Amino acid sequence: MLDSVVAVLALGLACVLAVSFHRYRAAQLSLVLALMAAALAFGEAREIFAAQRFGPLLLLVCAAMSEPRLASRRHAALLAAILLIVGPVMLAPPRLFEAMGDAAAFPLGGQAPRVSGFVFCFVASMVCLGRWVWRGQPIDLGLTLALLPAAAAVGRGQSAGVLYLAAAVLIIVAILYHSYRMAFIDTLTGLPNRRALDETLSRLSGPFSLAMIDIDHFKGFNDTYGHDAGDIVLREVGGLLRRHGGGNVFRYGGEEFCAVFPRGDLRSAMRTLEGARGAVEAARVAVPAPRKRRSEQAAAATKDVSVTISAGCADRGEERRSAGEVLKLADQALYKAKEKGRNRVEKR
Ligand SMILES: Nc1nc2c(ncn2[C@@H]2O[C@H](COP(=O)(O)OP(=O)(O)OP(=O)(O)O)[C@@H](O)[C@H]2O)c(=O)[nH]1
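Residue positions are given per chain, counting from 1 as you read along its sequence in written order. The model is predicted, so local features are restricted to residues of pLDDT at least 70 and side-chain atom pairs to those at 80 or more, both for listing and for counting; the totals for chains, interfaces and linings are taken over all residues. Excluding hydrogens and water, the side-chain values take into account all heavy atoms of the structure.

The name recorded for the protein in an unreviewed UniProt entry is diguanylate cyclase, from Pseudomarimonas salicorniae. UniProt positions are given in the numbering used here, feature names are shortened, and annotations may be inferred rather than shown by experiment. The heading Catalytic activity (unreviewed entry) in the UniProt record of the protein holds the text "2 GTP = 3',3'-c-di-GMP + 2 diphosphate".

Engineer: Whenever I open this one, the overall build of the protein confuses me. Can you help?
Structural biologist: Helical segments are the DSSP runs of H or I of at least four residues, strand segments are the runs of E of at least two, and each set is numbered from the N terminus. When its secondary structure is counted, the protein shows 14 helices and seven strands. Computation of the radius of gyration draws on C-alpha atoms alone. For the globule rule, the value is 2.2 Å times the number of residues to the power 0.38. A compact globule built from 348 residues would reach a C-alpha radius of gyration of about 20 Å, whereas the protein, at 28 Å, exceeds it by more than 25%. With the C-alpha coordinates aligned to their principal axes, the bounding extent of the protein is approximately 90 × 60 × 30 Å. Only protein chains enter the calculation, and the probe is 1.4 Å; a residue is then buried if its accessible area is under 20% of its type maximum, exposed if over 50%, and partly exposed in between. Going through the 348 residues of the protein one by one, you find that 46% of them count as buried. Pairs of residues are marked as contacts when any of their non-hydrogen atoms sit within 4.5 Å. Considering only contacts in the protein between residues 6 or more positions apart, those separated by 24 or more positions represent 68%. Method for areas: the Shrake-Rupley scheme with a 1.4 Å probe, in which residue coverage is limited to the protein chains shown. Counting only carbon and sulfur atoms, one obtains 60% of the accessible surface of the protein, whose full area is about 17700 Å². Taking the average place of the 42 positive charges on the side chains of the protein and the average place of its 30 negative ones, the gap between the two points comes to 3 Å. Note that His is not counted, nor are the chain ends; the positive residues are Lys and Arg, and the negative ones are Asp and Glu. By convention, charge coordinates are those of NZ in Lys, CZ in Arg, CG in Asp, or CD in Glu.

Engineer: Just to check I follow, could you spell out the sheet that holds strand S3 (residues 256-262) for this structure?
Structural biologist: Strands in a sheet are paired, the pairing made by backbone hydrogen bonds, and the direction either parallel or antiparallel. Strand order in the open sheet formed by five strands is S2-S3-S1-S6-S7, with mixed pairing between adjacent strands. Each of the sheet's edge strands pairs with one partner strand only, and the pair in question is strand S2 (249-253) and strand S7 (345-347). When the angles between neighbouring strand axes are averaged without regard to direction, this sheet yields 25 degrees. Each axis is a line fitted through C-alpha atoms, and for a helix only the stretch in contact is used; angles between axes span 0 to 180 degrees, taken between their N-to-C directions. In the packing of helix H11 (residues 227-244) onto the sheet, the strands contacted are strand S1 (208-215), S2, S3 and strand S6 (309-315), and the crossing angle to S3 comes to about 10 degrees. Strand pairing requires that DSSP identify at least two bridges connecting the strands.

Engineer: Please clarify how unusual backbone geometry should be interpreted in this entry.
Structural biologist: Of all residues except glycine, most have a negative phi; of all peptide bonds, most are trans. The phi dihedral of Arg342 falls on the positive side, at around 70 degrees, and the residue is not glycine. When you line up the elements, Arg342 lands in the loop between helix H14 (323-339) and S7. On the accessibility criterion, Arg342 (31% relative accessible area) is partly exposed. Backbone geometry places Asn343, a non-glycine residue, at a positive phi of 50 degrees.

Engineer: I tried to follow the side chain of Arg131 on my own but got confused; where do I start?
Structural biologist: Within the secondary structure, Arg131 is located in helix H6 (residues 112-135). Any pair of nitrogen or oxygen atoms within 3.5 Å is treated as a polar contact; in protein, a donor-acceptor pairing is required on top of that, and neighbouring residues in sequence qualify only through side-chain atoms on both sides. Of note is the side chain of Arg131, whose polar atom sits 3.3 Å from the backbone oxygen of Ala63. Apart from the residues lying within four places of it in its own chain, the contact partners of Arg131 are Arg25, Ala63, Ala64, Met65, Ser66, Gly136 and Asp140.

Engineer: Sorry if this is basic, but what is going on with a nonpolar patch on the surface here?
Structural biologist: Among the surface-exposed residues, Val115, Phe118, Val119, Phe122, Val123, Met126, Leu145 and Leu148 lie close enough to one another that they form a single nonpolar patch of about 590 Å² accessible area. The element that contributes the greatest number of residues to the nonpolar patch is H6, accounting for six residues. Taking the relative accessible area as the measure of exposure, Val115 reaches 38% and is therefore partly exposed. What goes into a patch is any residue over 30% in relative accessible area without a salt bridge, connected to like charges within 9 Å or, for nonpolar side chains (Val, Leu, Ile, Met, Phe, Trp, Tyr), within 5 Å. Just to be clear on terms, a salt bridge is a Lys or Arg side-chain nitrogen sitting within 4 Å of an Asp or Glu carboxyl oxygen.

Engineer: Would you mind showing me how to read the site of the ligand here?
Structural biologist: Taken together, 16 residues surround the ligand, and among them His217, Phe218, Asp231, Arg251 and Arg342 come closest. In the environment of the ligand, a nitrogen atom lies 2.9 Å from a nitrogen or oxygen atom belonging to the side chain of Asn222. For the ligand, whose accessible area on its own is 670 Å², the fraction buried by protein is 67%. The nonpolar class holds Ala, Val, Leu, Ile, Met, Phe, Trp, Tyr, Cys and Pro. Asp, Glu, Lys and Arg form the charged class, and all remaining residues, Gly among them, are polar. Among the residues forming the shell around the ligand, the class breakdown is three nonpolar, five polar and eight charged. The criterion for a residue being near a molecule or strand is simple. One of its heavy atoms has to lie within 4 Å of it.

Engineer: Would you take a moment to explain the side chain of Asp214 for this structure?
Structural biologist: In this fold, Asp214 is placed in strand S1. Asp214 gets classed as buried once you look at its relative accessible area, which sits at 8%. Only 2.6 Å separates the side chain of Asp214 from the side chain of Lys338, close enough to count as a polar contact. Setting aside anything within four residues of it in sequence, one finds Asp214 in contact with Glu255, Glu256, Thr308, Ile309, Ser310, Leu334 and Lys338.

Engineer: What should I look at first to understand the pairing of S2 in this one?
Structural biologist: Of all five residues that make up S2, four are buried, and the element is covered over most of its length. Across four bridges, the pairing between S2 and S3 is antiparallel. Paired with Arg251 across the strands is Phe257, a residue of S3. Hairpin connection, S2 to S3: the antiparallel pair is bridged by two residues, and Gly254 has positive phi, about 50 degrees.

Engineer: Help me out: how do you make sense of the pattern of salt bridges in this one?
Structural biologist: Oppositely charged side chains are able to pair whenever their charged atoms sit close together. As enumerated under the stated definition, the model contains 13 salt bridges in all. Note that Arg135 and Asp140 form a salt bridge whose closest N and O atoms lie 3.2 Å from each other. Exposure remark for Arg135: the relative accessible area of 38% places this residue in the partly exposed category. A salt bridge links Arg277 to Glu281; its shortest N-O distance comes to 3.1 Å. Placement of both Arg277 and Glu281 in helix H12 (residues 266-282) is noted, with a separation of four residues, approximately one turn of the helix. You can call Arg277 buried: its relative accessible area is 13%. A cluster of three or more residues bridged by salt bridges with shared partners is formed by Lys336, Lys340, Arg344 and Glu346.

Engineer: It is not clear to me how the UniProt feature "transmembrane region" (unreviewed entry) in the protein should be interpreted in this structure. Could you clarify?
Structural biologist: The feature "transmembrane region" (unreviewed entry), as given by UniProt, occupies residues 28-45, 76-97, 117-134 and 161-180 in the numbering adopted here. Along residues 161-180 one finds 100% helix and 0% strand; the C-alpha atoms at either end are 28 Å apart.

Engineer: Would you explain the environment of Val287 in this entry?
Structural biologist: Note on placement: Val287 falls in strand S4 (residues 285-288). With near-sequence residues (within four places) excluded, Val287 lies in contact with Phe221, Tyr225, Ala229, Ile232, Val233, Ala301, Thr302, Lys303 and Val305.

Dropping the structure here:
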């Protein structure tokens, strides 16, 4: 009984967290699971009837819906569905449900609602899995995993508080991971963002080097190929820097990146940056061809382009400079690289 109380509270918490991070599908799933867990643990025949017959169906509907907004028709429809299901059931005489309960007269005897409930929950889980494969949002993977213990709980019938609790924990972890990504990961490039960089810089101690990296003539590139093509290039350059830039690369903002080399001396940082510069220069990126040319040459809808980067590097030095000072020096070195003709790495 205690496990069911904890499970209902945890699912309620998951619902509140999901609403505060605007993940309304996770909120709906948590709410339906909380109602099911409470009805199955503490309800009588009619509540159990409603939870077993309609709960899994509602879970499947919620899983199949695209991410709704808070004040959307879908929310209103879901609330109306819950009221339409729960209302008449709560008003009907209890003996009706005692007679209809797990009667042997039903197909599969008393197992039917549990088997169909398990199937609905499992399909709901697979729907979330499909969403995750399609869109790559980690929260969908969390919901996929959370619906598996939920399916097992429905299949088991009553006294499955631990399984509902497992579902709640998985939903909470998925929401927290989602909010971590929103706070620290740049959505365009998938690299850690400026906030993550500030955190990293505040923890640096001992010798370290920093580099500021900038895509050359990016304004001209955007003007020629369009902002969408610019985004494709930013993503590609971000990926190349992640692979060749020494592991600790952040998107600083706009078309600027920052590489952190903890315990890295200036010379080895320069070598790594030179490798990254060469990799970017050698890469060819397919972008939509500029509009003008597309009308001339209908067949060539994309064009392979290349860009270059400039980088400025500085280290903490014997003066034991602060991270902010090193960043400023790296920025000055970047300015020097731009002045000297771009597509190069300079140090301060
Ligand atoms: N596509 C795209 N463009 C961006 C993004 N962020 C910043 N930019 C563009 O990056 C360009 C930066 O241009 P500038 O700072 O003038 O520098 P630049 O043209 O790269 O010239 P140099 O740095 O001197 O080589 C601007 O046109 C911005 O609009 C983004 O997220 N996506």
